[in-house]
Amino acid sequence: MDNIKTLTINDRSNKTRKLVLTSILFAISLVLAWLESILPPLPIAVPGIKMGLSNIAVMYTLFFVGAKQAYGIAILKSGFVVITRGLIAGVFSLTGGILSVSVMLLILVFTKRNASYSIVSVFGAITHNIGQFIVISLLYAGTNVWFYFPVLLVFGVVTGLITAGILKVIIPAFKKLV
Amino acid sequence: MKFIKKTDLIIIAIILLVSAVSWFTYKYFTKDEAPKAEIYYYTELVKTIDLGSGNDVHFSIDNEPDVIFHVTADGTIRFEQSDCPDKICINTGELSRPGQFAACLPNGIVIKIIGNKNDDEPDIIIGSSGGQ
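Residues numbered from 1 in each chain as written. Chains lettered and ligands numbered in written order. Predicted model: local features only at pLDDT ≥ 70, side-chain atom pairs only at ≥ 80, totals over all residues.

Take the sheet that holds strand β2 (residues 44–50) of chain B next. Residues and elements named next belong to chain B. On the basis of which strands lie adjacent, the open sheet formed by four strands has the order β2-β1-β7-β6 and antiparallel pairing. Each of the sheet's edge strands pairs with one partner strand only, and the pair in question is β2 and β6 (101–104). Going across the sheet, the axis of each strand differs from the next one's by a mean of 15°, ignoring polarity. (Pairing = 2+ DSSP bridges. Helix = DSSP H or I, 4+ residues; strand = E, 2+ residues; numbered from the N terminus. Axes fitted to C-alpha atoms, helices over the stretch in contact; angles between N-to-C directions.)

If you want it as structure tokens, here you go:
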């Protein structure tokens, strides 16, 4: 667990700094979610499958701030979705968010942080969409959502790699700021 | 942490393989013969449509008059119009194979395609041509 500590900012800074950083990342996650909503629709329109740009902010939080804060952002974000887009959309966001943060955290713990950004991001993207599929099958008609499961997998790989690429570019820039 | 590792490529290849295998397996086992479409309003089955009827119809359901469905003569169904913000339901396009579905989540409507071979299915086909 020692190597986890050295990677967080916990050692060399105080709670306030962590709090401010988390708040900024939360704001960034909301902006990214908004940005995604104004982008042209995806070529594959399958309900529940999303690009997941805001996972960039969630991953940064998970890697450099802490697991608690990453869960915090996922929960706060779904609260925001409830206010802006209604309760059901919020349930989607919460289930996908919690599931993906949990899986990404498990990967980090089990590999002792030796996993790459890309693979964490790919699994985050896939499990976020799986979470939304679970909600669809529970709330709507017990639909056989797994017909689109192959699409979900391929799409998760693609978007996971894209978000990992963006994260890779952002990390050095963001580190200079904070 | 590294950006990408060699083992990642293997894992990604496995994911893509699983995806391809499940896709083609499913396709192989569902050579459909005139399937039916079910329309749900949340968990309530509102309408069942026989896609093999050969009629071309537009209709809506009482729960959401602003959502218009289109059944084509060659056996597909799609969301034609909807008042939802994201239009994912419309962009999903035509459905014809068992297991496919399209959803207008803001309106709580799901179209689901089911195969015709389940004989235990209750036979409540509401006429697709008389349903407007």
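Here the focus is the domain arrangement of chain B. Its domain assignment divides chain B into domain 1 (1–30) and domain 2 (36–114). For domain 1 of chain B and domain 2 of chain B, the distance between their C-alpha centres works out to 31 Å. (Domains from an automatic or database assignment.)

Turning to helix α4 (residues 67–85) of chain A, a few remarks are in order. All names here are of chain A. Over its 19 residues, α4 extends 26 Å from the first C-alpha to the last, a length consistent with the 27 Å expected when each residue adds 1.5 Å. Listed as buried for α4 are Q69, A70, I73, A74, K77, S78 and V81. G86 lies just past α4 and shows a positive phi near 100°. (Expected span 1.5 Å × (residues − 1). Buried ≥ 20, exposed ≤ 12 C-beta atoms within 10 Å, placed from the backbone.)

Residues and elements named next belong to chain B. Counting buried positions along strand β7 (residues 109–114) yields five of six residues, so the element is predominantly enclosed. Two strands pair when backbone bridges link them, and strand β1 (residues 36–41) and β7 are joined in this way by six bridges, in the antiparallel orientation. Each residue of the ladder has a partner; that of Y41, found in β7, is I109. In the sheet, β6 pairs with β7 via four bridges, with the strands oriented antiparallel. Its bridge partner lying in β7, F101 is registered against K112. Between the antiparallel neighbours β6 and β7 lie four residues, among them G108 with a positive phi of about 75°.

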